[in-house]
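Survey of secondary and tertiary structure
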Amino acid sequence: LLLWDQIGTGSLDCFVAKIPTMILWKRIYSRESSSAREVVLKLEDCGVIHQSTDTLIKEINIFLSDPKKWVEDSERTLAIKNFCHLFARTDDNWVAIWKKQLRELALI
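Presented here is a report on the structure given in the accompanying data block. In this text, all values refer to a predicted model and were calculated from it rather than measured experimentally.

Let's talk about the nonpolar core
One finds Ile 7, Phe 15, Val 40, Leu 43, Val 48, Ile 49 and Phe 83 to be the most contacted residues of the largest nonpolar core, which totals 22 residues. Considering each element in turn, this core owes the most residues, 4 residues, to helix H5 (residues 74-87). Setting aside residues no more than four positions away along its own chain, Ile 7 makes contact with Leu 12, Ile 23, Trp 25, Val 40, Ile 49 and Phe 83.

Have a look at this one:
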């Protein structure tokens, strides 16, 4: 289980790699955009994002009691999948996609 202080590349890498992660995000230095608010709220609702240490500690204890159940929770996996669809899409063929994009940019 990895813990982050805000949504960033580390937490996105965890989402994509299906590594259990939680975020204690008090929104001191960053905030979600209005267009991201709905998917961020879903992550809060399912125990991935927390605004207080109290809820974070409760969720960590839930995780520790049955990590497999926590990871495979359908509401949580859907919230993470929806967030990744908007902000962290991946493709197994990324090398070819990058090469194609770079070639197109070189022609501009």
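Description of unusual backbone geometry
Located in the positive-phi region is Lys 18, a residue other than glycine, with phi close to 60°. With respect to the helices and strands, Lys 18 occurs in the loop between helix H1 (9-17) and strand S2 (21-24). For Lys 18, a relative accessible area of 70% corresponds to the exposed category. Non-glycine residue Arg 27 carries a positive phi angle of around 55°. Among the secondary structure elements, Arg 27 is positioned in the loop between S2 and helix H2 (37-45). Residue Arg 27 is classed as buried on the basis of its relative accessible area, which comes to 7%.

Some points on the sheet that holds strand S1 (residues 2-4)
One open sheet holds the 3 strands; their spatial order is S1-S2-S3, and the pairing between them is parallel. Sheet topology places S1 and strand S3 (49-50) at the edges, where each strand pairs with a single neighbour. Relative to S3, S2 is paired through 2 bridges, and the arrangement is parallel. Residue Leu 24 lies in a different strand from S3, and its bridge partner there is His 50.

Comments concerning the pairing of S2
Here S2 shows two buried faces, one formed by Thr 21 and Ile 23 and the other by Met 22 and Leu 24. Note that S1 and S2 share 3 bridges and pair parallel. Considered in S2, the bridge of Trp 4 is made with Ile 23. Running through H1, the crossover from S1 to the neighbouring parallel element S2 is right-handed.

Thresholds applied
Residues numbered from 1 in each chain as written. Predicted model: local features only at pLDDT ≥ 70, side-chain atom pairs only at ≥ 80, totals over all residues. Heavy atoms only, no water. Core = buried A, V, L, I, M, F, W, Y, C linked by side-chain atoms within 4.5 Å. Buried < 20%, exposed > 50% of the residue type's maximum accessible area, 1.4 Å probe, protein only. Helix = DSSP H or I, 4+ residues; strand = E, 2+ residues; numbered from the N terminus. Contact = heavy atoms within 4.5 Å. Pairing = 2+ DSSP bridges. Right-handed = clockwise from strand over helix to strand, strands pointing away.

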